[in-house]
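Residue-level listing of the chains:
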Amino acid sequence: MPQRRTAIKDLRKSHTRHLQNLQIKTDLKKTVKKFTTAVADKKADSAEILKEIYKKFDKAAKRHVMHKKTAARRKARFARSLATK
């Protein structure tokens, strides 16, 4: 456990940031899974879910949960998977 007052505050901040980042990541993973199952089943709402994926990847990149080029690469891959199926 940290002893200094600033270290205790930093621990508290890092814990809340961790929970926020975890929430963004799990929400993103759920959306990606929903999209992959929709593409595999060839459902009509796949394009709508792709828009939602774009939004969530952009938000994750904006909040520095992931690198912006990683988000761009994954968005391109999902768009390509929708176009091929």
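Look a little higher up for the structure.
Below is a summary of the structure that appears in this document. (Residues numbered from 1 in each chain as written. Predicted model: local features only at pLDDT ≥ 70, side-chain atom pairs only at ≥ 80, totals over all residues. Heavy atoms only, no water.)

**A look at the overall build of the protein chain**
Put simply, the rule reads: Think of it this way: any DSSP run of H or I at least four residues long counts as a helix, any run of E at least two long counts as a strand, and we number them from the N terminus. Between the two quantities, the radius of gyration covers C-alpha atoms and the globule rule is 2.2 Å times the number of residues to the power 0.38. The classification of residues rests on relative accessible area computed with a 1.4 Å probe and restricted to protein chains. Under 20% of the type maximum is buried, over 50% is exposed, and intermediate values are partly exposed. Note on contacts: a residue pair qualifies if any of its non-hydrogen atoms lie within 4.5 Å across the two residues. Surface accessibility in these figures is a Shrake-Rupley result with a 1.4 Å probe; residues are shielded only by whichever protein chains are displayed.
On a plain count of helices and strands, the protein chain comes out with 3 helices and 0 strands. The order of α-helices and β-strands along the protein chain, N terminus first, is α-α-α. Over its C-alpha trace the protein chain gives a radius of gyration of 17 Å, far above what one expects of a compact globule, namely 12 Å for 85 residues. For the C-alpha atoms alone, the extent of the protein chain along its principal axes is close to 55 × 20 × 15 Å. Counting all 85 residues of the protein chain, 25% fall into the buried class. In the protein chain, once contacts between residues fewer than 6 apart in sequence are set aside, the share between residues at least 24 apart is 47%. Here the protein chain displays about 6900 Å² of accessible surface, and carbon together with sulfur accounts for 53% of that area.

**Description of the nonpolar core**
Using the following cut-off: As used here, the term nonpolar core means buried Ala, Val, Leu, Ile, Met, Phe, Trp, Tyr and Cys residues forming a set that is joined through side-chain atoms within 4.5 Å.
Ranked by size, the top nonpolar core spans 16 residues in total, and within it Phe 35, Ile 53, Phe 57, Met 66 and Phe 78 carry the most contacts. Sequence-distant contacts of Phe 35, defined by excluding residues within four places in its chain, comprise Ser 46, Ile 49, Leu 50, Ile 53, Phe 78, Ser 81 and Leu 82.

**Side note on the environment of Phe 57**
Following the sequence through the fold, Phe 57 ends up in helix 2 (residues 46-62). Residue Phe 57 is classed as buried on the basis of its relative accessible area of 2%. In this view, Phe 57 contacts Leu 28, Val 32, Met 66, Ala 71, Arg 74, Lys 75 and Phe 78; residues no more than four positions away in its chain are not counted.

**Comments concerning the side chain of Ser 46**
By the element assignment, Ser 46 lies in helix 2. Ser 46 sits in the buried class, given a relative accessible area of 3%. In contact with Ser 46, not counting residues within four places along its chain, are Phe 35, Ala 38, Val 39 and Leu 82.

**Examining the environment of Lys 62**
Relative to the helices and strands, Lys 62 resides in helix 2. Lys 62 sits in the exposed class, given a relative accessible area of 61%.

**A word on a positive patch on the surface**
The condition is simple: To count toward a patch, a residue needs a relative accessible area over 30% and no salt bridge; like charges are then connected within 9 Å, while nonpolar side chains (Val, Leu, Ile, Met, Phe, Trp, Tyr) are connected within 5 Å. By convention in these notes, a salt bridge is any Lys or Arg side-chain nitrogen within 4 Å of a carboxyl oxygen on Asp or Glu. Think of it this way: Lys and Arg go in the positive column, Asp and Glu in the negative one, and His and the chain ends go nowhere. Positions of charges follow a simple convention, taking NZ of Lys, CZ of Arg, CG of Asp or CD of Glu.
A surface patch of positive charge is lined by Lys 55, Lys 59, Lys 62 and Arg 63. Summarising the element assignment, Lys 59 is placed in helix 2.

**Considering the side chain of Lys 56**
To keep things clear, this is the line we draw: In protein, a polar contact requires one atom able to donate a hydrogen and another able to accept it; more generally it is a pair of N or O atoms within 3.5 Å, and residues adjacent in sequence count only if both atoms are side-chain atoms.
Mapped onto the elements, Lys 56 comes out in helix 2. A polar contact of 3.0 Å, which involves the side chain of Lys 56, links it to the side chain of Asp 27. For Lys 56, the residues in contact, after removing those within four places along its chain, are Asp 27, Leu 28 and Thr 31.

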